[in-house]
Amino acid sequence: MHSFETLDFSVDDNVAVIMLNRPATRNAFNTKMRDDLFQVIEAIKEDNAITGSIIYGSGKDFCSGADLTEFGTAPSQSIARTVRWERDLWSLFLNNPKPIVAAVHGNCIGSGFEMALLCDLIMASYNARFSMPEARLGLIAAAGGTQTLPRSIGPSNTIDIFSSPKLITSRQAYSMGIVSSVVVKNRLIDAAKAQAAYLSKLRPELIAACKFAVNTGCSLPLDQGLRAETHTALRLMKIEKNNVVYS
Amino acid sequence: MSKKSVLIEKKGAVVFLLLNRPETSNLVDEELALEIKDNCRYINEDPNMRVMILTGIGTCFSTGRRTLPERMYSYPDNWINKIQTAESIAKVNIPTIAAINGDALDQGLELALACDLRVADEKAKLGFRDLSRGLFPWDGGTQRLPRIVGRSTALDLLLTSRILTAKRALTTGLVNHVTKQGNALNYAVTLASHIAKLAPIAIRYTKEAIQKGLDMPLDQGLRLEADLSFLLHGTRDRSEGIESFLSNREPHFLGK
């Protein structure tokens, strides 16, 4: 296991396990966590022995959102903006060709919620609670939330979540299609590891192709998306020799 | 003459496409694909048809996926062009309903996703088993699924090969209606007879505005909608619709 200041990282049977580890702040997301995650996700991408990953939080929560104590500490807005794109953690999440499962319990708020939405699957415990409180704080979501959430649940439900003080329960998130499954708290991490282990045993190029087709397709007109899908399928056919007919 | 893979039947203004390969769970093969495409083209040329219903004969809607035959290894582009079928269904210019009488899996589900509405039997199962079998969906699944159920649910279904019950498919928005066992086709016919009574050009333009509009920036979609609405101003059906409504009688639309 590798310990970083804000997280622990280990590899268990080809599955990388990331544990956000700032329990005293309910795993609030700060610049150090951004840098630690950047290193870890990059390492996951590069390491051929890793074929899947999960991310979860230590203590009582997944992540309580951005660390507000750091707000206003950047040397300047312009520098902060430059750094945002130099250390583009969120596109690293999105463009990682390997599957990543978020295992969410307790609070999953603001940037924590956004981080989970950048993963491929969200599994949640019954006690998980989701919200986007940015506007209440005079902020806007900045880890992709205004883009990822409407692509998952449509614009009306998204604006409802962004404008409501209410916490979304995991059952509600399941009904809306944000969360893929809800499990009891003490089974959550094992269930997420099992899901990631399942995915990591599939052909890696299929997972990467599928993520690419869905994520790229979300940004394209349908006819171009269909062409991207066909192109991807043809590329895969050229590297496979499997001609079994299934029924 | 060999048995047809797809039967076409007309009842009034409703046209039925029946997948007729119950012995292979209505698996789409090259022959069935060709017959669907021919029939869809034929339907587009018939001005009297107002709704299409696609359903399966036997216990399945359609399941499975053909893989590239060995003799086609050098010509995958030609083969995929033959076997891709969903786009021809999506191009049908009248409203289309998939009556999902039984399991709709793999390419079978892609056919259903290409329809405008989906009605599922409560016993039907829906999903993509492809990745679990080392395959990749190529008949629009990775594109139409997220547009219907959203990105999160689409990634879940595609990556995990999770199979949904009809009930769960209804919650996620994958199907519009769930019926008692054995009733999917009947329910689709009820929906179709309602749609067939609407002004045909108006409902076709509605379909066009929604589908093309979703591919455009909002301002252009609004423009398309307004243009189509102005085009309807000149139709006889518009006068008939308004007159019949004001005089409290059933409209009689001519599609003109």
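Residues numbered from 1 in each chain as written. Chains lettered and ligands numbered in written order. Predicted model: local features only at pLDDT ≥ 70, side-chain atom pairs only at ≥ 80, totals over all residues.

(A) Looking closely at the interface of chain B and chain A. The partner chain A presents 40 residues to the 37 residues of chain B that form the contact. For the side of chain B that touches chain A, the secondary-structure elements that each account for two or more residues are α2 (76-83), α5 (141-149), α6 (151-160) and α7 (166-172) of chain B. If one sorts the elements of the side of chain B that touches chain A by residue count, α6(B) sits on top with eight residues. The residue makeup of the side of chain B that touches chain A, split by class, is 14 nonpolar, 14 polar and nine charged. (Contact = placed C-beta atoms within 7 Å. Helix = DSSP H or I, 4+ residues; strand = E, 2+ residues; numbered from the N terminus. Nonpolar A, V, L, I, M, F, W, Y, C, P; charged D, E, K, R; others polar.)

(B) Seen up close, the domain arrangement of chain A. Residue and element names in this part refer to chain A. Splitting chain A by domain gives domain 1 (2-200) and domain 2 (204-238). The gap between the C-alpha centroids of domain 1 and domain 2 is 25 Å. In this complex, domain 1 contributes eight residues to the contact, which on the side of domain 2 involves six residues. Each residue belonging to the side of domain 1 that touches domain 2 can be placed in one class, and the counts come to four nonpolar, one polar and three charged. (Domains from an automatic or database assignment.)

(C) Region of the structure containing the sheet that holds strand β8 (residues 163-165) of chain B. Residues and elements named next belong to chain B. With respect to topology, three strands assemble into an open sheet ordered β5-β7-β8, the strand pairing being mixed. Two strands bound the open sheet, and with one partner strand each, they are β5 (104-105) and β8. For strand β7 (residues 125-127) and β8, the ladder comprises three bridges, and the chain directions are antiparallel. Residue pairing in the sheet places Lys125 in a bridge with Thr165 of β8. (Pairing = 2+ DSSP bridges.)

(D) Representation of the sheet that holds strand β4 (residues 96-100) of chain B in the model. Residue and element names in this part refer to chain B. Read from one edge to the other, the open sheet built from six strands follows the order β1-β2-β3-β4-β6-β9, with strand pairing classed as mixed. The outermost strands of the open sheet, each flanked by one partner alone, are β1 (6-11) and β9 (177-179). In this sheet, neighbouring strand axes are inclined to one another by 20° on average, regardless of whether the strands run parallel or antiparallel. Packed on one face of the sheet, helix α1 (residues 30-44) meets β1, β2 (14-19) and β3 (51-56) and runs near 25° to β1. (Axes fitted to C-alpha atoms, helices over the stretch in contact; angles between N-to-C directions.)

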